[in-house]
Amino acid sequence: MTTGPSPPPGPDRPHAEALDAADALAAFRTRFADEDPGTIYLCGNSLGRQPMAAARRIEHALKEWAEQLVDGWHGWLDLPARVGDLMAGPILGAAAGQVVVSDSTSVNLYKLAMAARAAVPGRQVVVTDAGDFPTDRYVLEGLGNRRLITADPITGPTVDDVARALDEQVAVVCLSHVGYRSAALADMAAITAAVHDAGALMLWDLSHSAGCYPVALDQCGVDLAVGCTYKYLCAGPGAPALLYVRTQLQERLRQPIWGWFGQRDQFAMGERYDPSPDIRRFLVGTPSVIGLAGVQGGVEVVAEAGLAAIRTKAVALGELGVQLHRAWLAPQGFALGSPEDGVRRGSHLALRHADAQRIHHALARDGRVITDFRFPDTIRLGLAPLTTRFSDVWDAFDRLRALSY
Ligand SMILES: *Cc1c(COP(=O)(O)O)cnc(C)c1O
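In what follows, the accompanying structure is described. Just so we're clear, the structure is a prediction, and the values are computed from it rather than from any experiment.

Quick notes on the rules
- Residues numbered from 1 in each chain as written.
- Predicted model: local features only at pLDDT ≥ 70, side-chain atom pairs only at ≥ 80, totals over all residues.
- Heavy atoms only, no water.
- Pairing = 2+ DSSP bridges.
- Helix = DSSP H or I, 4+ residues; strand = E, 2+ residues; numbered from the N terminus.
- Buried < 20%, exposed > 50% of the residue type's maximum accessible area, 1.4 Å probe, protein only.
- Salt bridge = Lys/Arg side-chain N within 4 Å of Asp/Glu carboxyl O.
- Near = heavy atom within 4 Å.
- Polar contact = N/O pair within 3.5 Å; in protein donor to acceptor, adjacent residues only side chain to side chain.
- Areas by Shrake-Rupley, 256 points an atom, 1.4 Å probe, with all protein chains shown as cover.
- Nonpolar A, V, L, I, M, F, W, Y, C, P; charged D, E, K, R; others polar.
- Contact = heavy atoms within 4.5 Å.
- Expected span 1.5 Å × (residues − 1).
- Phe/Tyr/Trp six-rings, centres within 6.5 Å; stacked < 30°, edge-to-face > 60°.
- Patch = residues over 30% accessible without salt bridge, like charges linked within 9 Å, V, L, I, M, F, W, Y side chains within 5 Å.

1. Focus on the sheet that holds strand E12 (residues 372-374)
1) Next: Pairing is antiparallel across the open sheet formed by four strands, whose spatial order is E9-E10-E13-E12. Only two strands of the sheet have a single neighbouring strand rather than two, namely strand E9 (335-336) and E12.
2) Next: Sheet topology note: the strand E10 (residues 348-352)/strand E13 (residues 378-382) ladder contains five bridges and is antiparallel. Note that in E13 the partner of Ala-350 across the bridge is Arg-380.

2. Here we look at the pairing of strand E5 (residues 170-176)
It is a general feature of regular strands that their side chains alternate between the two faces of the sheet.
1) Next: Counted residue by residue, E5 has seven buried out of seven residues, so it is predominantly covered.
2) Next: Where strand E3 (residues 125-129) lies against E5, four bridges are found, and the strand directions are parallel. Note on E5: the bridge partner recorded for Val-126 is Val-172.
3) Next: The pairing of E5 with strand E6 (residues 201-205) spans five bridges and is parallel. Following the sheet pairing, Val-172 is matched in E6 by Leu-201.

3. Some points on the pattern of salt bridges
1) Next: What the rule picks out here adds up to 25 salt bridges.
2) Next: Between Arg-246 and Asp-223 there is a salt bridge, with the nearest N and O atoms lying 2.7 Å from each other. Taken as a pair, Arg-246 in the loop between strand E8 (241-245) and helix H9 (247-250) and Asp-223 in the loop between E6 and strand E7 (224-227) lie far apart in primary sequence, 23 residues in all.
3) Next: Across the pair Arg-401 and Asp-398 runs a salt bridge, and its minimum N-O distance is 2.5 Å. Note that Arg-401 and Asp-398 are positioned in helix H13 (residues 390-403) at a spacing of three residues, about one turn of the helix.
4) Next: Overall, the relative accessible area of 14% leaves Arg-401 in the buried class.
5) Next: Assessed through its relative accessible area of 26%, Asp-398 is described here as partly exposed.
6) Next: Among the ionic contacts, a cluster of salt bridges with common partners joins Arg-29, Asp-34, Arg-49, Arg-389 and Asp-392.

4. Thoughts on the site of the ligand
1) Next: Surrounding the ligand, one finds 13 residues, the nearest of these being Ser-106, Asp-136, His-208, Tyr-230 and Lys-231.
2) Next: Between a nitrogen atom of the ligand and a side-chain N or O atom of Asp-205, the distance comes to 3.0 Å.
3) Next: His-208 places a side-chain nitrogen or oxygen 3.0 Å from an oxygen atom of the ligand.
4) Next: Isolated, the ligand exposes 390 Å² of accessible area, and the fraction of that covered by the protein chains is 86%.
5) Next: For the shell around the ligand, the elements supplying multiple residues, two or more each, are helix H5 (105-119) and helix H6 (134-143).
6) Next: Within the shell around the ligand, the residues separate by chemical class into three nonpolar, seven polar and three charged.

5. Considering the side chain of Ser-176
1) Next: With respect to the element layout, Ser-176 can be found in strand E5.
2) Next: A distance of 2.7 Å separates a polar atom in the side chain of Ser-176 from a polar atom in the side chain of Asp-132.
3) Next: Discounting chain neighbours no more than four positions away, the residues touching Ser-176 are Asp-132, Ala-186, Trp-204 and Asp-205.

6. A few points about H13
1) Next: For H13, with 14 residues, the first-to-last C-alpha span of 20 Å sits near the 20 Å given by 1.5 Å per residue.
2) Next: The buried fraction of H13 is high, at 11 of 14 residues.
3) Next: Taken together, the buried positions of H13 are Phe-390, Ser-391, Asp-392, Val-393, Trp-394, Asp-395, Ala-396, Phe-397, Leu-400, Arg-401 and Leu-403.

7. Comments concerning the packing of aromatic side chains
1) Next: Applying the stated criterion across every chain yields a total of six aromatic pairs.
2) Next: Both rings, one in Phe-133 and one in Tyr-180, keep their centres 5.1 Å apart while their planes meet at 85°; by these two values the pair is edge-to-face. Taken together, the residues Phe-133 in the loop between E3 and H6 and Tyr-180 in the loop between E5 and helix H8 (188-197) connect sequence positions 47 residues apart.
3) Next: We classify Tyr-180 as buried; its relative accessible area is 8%.
4) Next: Where Trp-260 meets Phe-267, the ring centres are 5.6 Å apart and the plane angle is 70°; that geometry is what we call edge-to-face.
5) Next: Taking the relative accessible area as the measure of exposure, Trp-260 reaches 40% and is therefore partly exposed.
6) Next: By relative accessible area, which is 47% here, Phe-267 ends up partly exposed.

8. Some details on a nonpolar patch on the surface
1) Next: Where nonpolar side chains cluster on the molecular surface, the patch consists of Leu-62, Trp-65, Leu-69, Val-70 and Ile-290 and spans about 510 Å² of accessible area.
2) Next: Along the chain, Trp-65 turns up in helix H2 (residues 52-68).
3) Next: Residue classification places Trp-65 among the exposed residues on the basis of a relative accessible area of 52%.

9. Quick word on unusual backbone geometry
1) Next: Cis rather than trans, the peptide bond between Phe-375 and Pro-376 has omega equal to 0°.
2) Next: Within the fold, Pro-376 resides in the loop between E12 and E13.
3) Next: Residue Cys-234 is not a glycine yet carries a positive backbone phi of 55°.
4) Next: Inspection of the secondary structure puts Cys-234 in the loop between E7 and E8.
5) Next: You will see that Arg-368, though not glycine, has its phi angle at about 55°, which is positive.

Read these as geometric descriptors, not functional statements.
Here's what the structure looks like:
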């Protein structure tokens, strides 16, 4: 008997190459900077690669700054709402006038959670998921009267989990559309409807779905949403975040940070705060012009590819990963930390292993595959559809398999 490993079952590399050859989005890879083609980057769920379109928009903003100086503000003042409208339709399924891009996701979450709670008379409780992203849990903890639900760590919060937490004290429910750890995709329409039936408002965090999943905010009757632009929207590190408020709610809601960019007639410099009647009332201070240029470029490339095609490829990339996990990694002590069914999953895969931290480091150092590690036992593989090939997934799993013997 030979002592070497037996030939691997599961899809072979030519299968992955055939999927690449048939990939309608394959050419989009060349629209992004790639300074190190020998490295496989599977962290687009954390920081998206740099689109040339974003670099061009940022260079243009730098030029405007140099040339126009303070006069540039004529064109820049309205950028948060203009870039918001640019992403509203193609990325979020929202009509114009309901999205601005400003501040960070954490700050936008604070503004909207406070505003929403104050708008529901006689109710104080904010419900969220104990497994949600840390900043979301902390911001809501700081509000007080937080109620936590405990969901299945792999399949995420269900409509029943949420319904059990609802009563006449609940003002707002805040959940991630796609879980940051497991990639579990929540049922936006059903959960939003259940929350409305209980007389509360629904706030979704789209950080892990904006740009990789065809979000349908208007169709799902969503009240409020926030989310990152530097993940699947590829806007650049620390780029400003999205904020959505349904038109009919805008005048009813008053956010807690009364800044001059939210003021009705900003340059009248009025004595008292009098918020703008529209989505601009959710702005606070001077926008990051360079950051917004990055968002504009990122949104352009994602919108050009189209969310339907992006979602189709995301499911197919994930399916290849699930098959390779089953064939190679499950026998080596790995467990899938994501829903196995692609329709229940966002765009990343979580793999759990008792020795995950060591494997994650070795994979980067020896395998040249960049993933991230989430304490205590999870490796996340971000399969950003515009920049990940099927052969990248195959190679990454092949190297994982070699490193985890
Ligand atoms: C990435 C992420 C954030 C990040 O918030 P910042 O304010 O940009 O640091 C917030 N919430 C969720 C769910 C995330 O995935």
